[in-house]
Amino acid sequence: MNRNRIKDPLGDRIFMTFNYIFLFAILLTVFYPLLYIISSSFSSSRAVTSGQVWLFPVDFNIKAYISIFKSQQLMLGFYNTIIYTVVGTFINVVLTVMLAYPLSRKSFYGRGAIIIFMMITMFFDGGLIPTYLLMKDLHLLDTRWAMWLPGALAVFQVIVARTFFQSSIPEELGEAAEMDGCRDIRYLISVVLPLSKPILAVMTLMYAVGHWNAYFDALIYLRSEKLFPLQYVLRNLLILNAADPAMLANTSQQMRDQGFEQVLKYALIVVASIPILIMYPFVQKHFVKGVMVGSLKG
């Protein structure tokens, strides 16, 4: 038996070498700004403003983080965003499954026409002003429902979930369950959903990220500060420089002049990004499978 490994052609090796170099360059391009923001958030304001921070924190301190967690405005934004993300994602996933599963069954009459109508909504919508007037007529302005109902269902996610159900759930399971007297709702809950963890993980992550990063709906529909999500609060702090006085209450004027507010902005970005990044390790094992099977098969 020949144990000598067959070498790849020279052209393939050159291609792979350049491919690795290119991917590594992209990794550095994406990773370095994140590392710089994290390092700056743990550095002193003097080191940040003087440009001493390059790779690792300089004059390590956590004053910016202490100021953030003392801010009632930020903590209220965190609370609101968690509520919007958890409840909104639950509504999204439930509605998506309730629509995608019937559309995946061949016995469902008229599913082709429904899919066509759904596809049309991906290219045309009523526009911002009609949507705002609708929310106003429904008395949903300045309520939490304004953050949940306008985007309660994503057609793209429905199509992906439908394709997954069609390609990954054998029809024989449905026929066997029907012969045993199992109704559709019981079959969905007891058989289909346990076998659909990959696509459920993908939908949960995508919907959750969308809710966590959403601020435009709050900008349009909300007026009460007690309802503002975290991203809307961060917009006011980072773009409009409308800092919460509580975060600067224990900071001397000299420190503010030296760039403490700049360090504070870096810390805000880190604090707002960490929670949603924590979700990725828990769904990673399902993510690739769910996306590939749900979008390519069928």
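### With respect to the overall build of the protein chain
Consideration 1: A count of helices and strands for the protein chain gives 16 helices and 0 strands.
Consideration 2: Counting over 298 residues, the protein chain shows a buried share of 35%.
Consideration 3: The contacts in the protein chain between residues at least 6 apart in sequence include a share of 74% that link residues at least 24 apart.
Consideration 4: When the accessible area of the protein chain is evaluated, it comes to approximately 18,700 Å², of which 67% is carbon and sulfur surface.

### Digging into the packing of helix 4 (residues 72–104) against helix 11 (residues 197–213)
Consideration 1: Axis separation between helix 4 and helix 11 bottoms out at 8 Å; the angle between their running directions is 140 degrees. Classified by the angle their axes make, helix 4 and helix 11 are oblique. Helix 11 is crossed by helix 4, and the crossing has right-handed handedness. Here Phe78, Thr81, Ile82, Tyr84, Thr85, Gly88, Thr89, Asn92, Val93, Thr96 and Val97 of helix 4 come into contact with helix 11, specifically with Leu200, Met203, Thr204, Tyr207, Ala208, His211 and Trp212.
Consideration 2: Partitioning the contact of helix 4 with helix 11 into residue classes produces 10 nonpolar, 8 polar and no charged.

### A short note on the pattern of salt bridges
Consideration 1: One pass over the full model with this rule turns up 1 salt bridge.
Consideration 2: Among the ionic pairs, arginine 46 bridges to aspartate 59, the shortest N-O distance being 2.3 Å. Taken as a pair, arginine 46 in helix 2 (residues 45–49) and aspartate 59 in the loop between helix 2 and helix 3 (63–69) lie far apart in primary sequence, 13 residues in all.
Consideration 3: Residue classification places arginine 46 among the partly exposed positions, given a relative accessible area of 42%.
Consideration 4: Overall, aspartate 59 belongs to the partly exposed group, its relative accessible area being 38%.

### Here's the deal with a nonpolar patch on the surface
Consideration 1: There is a patch of nonpolar side chains on the surface, built from Ile116, Phe117, Met119, Ile120, Met122, Phe123, Phe124 and Phe156 and spanning about 900 Å² of accessible area.
Consideration 2: Top element by residues in the nonpolar patch is helix 5 (residues 111–123). It accounts for 6 residues.
Consideration 3: Inspection of the secondary structure puts phenylalanine 117 in helix 5.
Consideration 4: On the basis of relative accessible area, phenylalanine 117 is assigned to the exposed category, the value being 60%.

### Some thoughts on a negative patch on the surface
Consideration 1: On the surface, a cluster of negative charge is made up of Glu171, Glu172, Glu175, Glu178 and Asp184.
Consideration 2: If you tally residues by element for the negative patch, the top one is helix 9 (residues 171–179), at 4 residues.
Consideration 3: In this structure, glutamate 171 sits in helix 9.

### Considerations on unusual backbone geometry
Consideration 1: One non-glycine residue, histidine 139, adopts positive backbone phi at about 60 degrees.
Consideration 2: Note on placement: histidine 139 falls in the loop between helix 6 (128–137) and helix 7 (145–148).
Consideration 3: Unusually for a residue other than glycine, aspartate 142 sits at a positive phi of about 60 degrees.
Consideration 4: Locating aspartate 142 in the fold gives a position in the loop between helix 6 and helix 7.

### Section: helix 8 (residues 155–168)
Consideration 1: Look at helix 8: 20 Å from first C-alpha to last across 14 residues, which is about the 20 Å you get at 1.5 Å a residue.
Consideration 2: Of all the positions in helix 8, only Val155, Gln157, Val158, Val160, Ala161, Arg162, Thr163, Phe164 and Phe165 are classed as buried.

### As for the packing of aromatic side chains
Consideration 1: Considering all chains together, one arrives at 13 aromatic pairs under this definition.
Consideration 2: With centroids separated by 5.4 Å and ring planes inclined at 5 degrees, the aromatic side chains of phenylalanine 42 and phenylalanine 60 adopt a geometry described as stacked. Of this pair, phenylalanine 42 sits in the loop between helix 1 (10–41) and helix 2 while phenylalanine 60 sits in the loop between helix 2 and helix 3, and the two are 18 residues apart along the sequence.
Consideration 3: On the basis of relative accessible area, phenylalanine 60 is assigned to the exposed category, the value being 58%.

Analysis parameters
Residues numbered from 1 in each chain as written. Predicted model: local features only at pLDDT ≥ 70, side-chain atom pairs only at ≥ 80, totals over all residues. Heavy atoms only, no water. Helix = DSSP H or I, 4+ residues; strand = E, 2+ residues; numbered from the N terminus. Buried < 20%, exposed > 50% of the residue type's maximum accessible area, 1.4 Å probe, protein only. Contact = heavy atoms within 4.5 Å. Areas by Shrake-Rupley, 256 points an atom, 1.4 Å probe, with all protein chains shown as cover. Axes fitted to C-alpha atoms, helices over the stretch in contact; angles between N-to-C directions. Parallel < 35°, antiparallel > 145°, perpendicular 65-115°, else oblique. Left-handed = near helix turned anticlockwise from the far one by under 90°. Nonpolar A, V, L, I, M, F, W, Y, C, P; charged D, E, K, R; others polar. Salt bridge = Lys/Arg side-chain N within 4 Å of Asp/Glu carboxyl O. Patch = residues over 30% accessible without salt bridge, like charges linked within 9 Å, V, L, I, M, F, W, Y side chains within 5 Å. Lys, Arg positive; Asp, Glu negative; His and termini not counted. Charge placed at Lys NZ, Arg CZ, Asp CG, Glu CD. Expected span 1.5 Å × (residues − 1). Phe/Tyr/Trp six-rings, centres within 6.5 Å; stacked < 30°, edge-to-face > 60°.

Everything listed is a geometric property; what it means functionally is a separate question.
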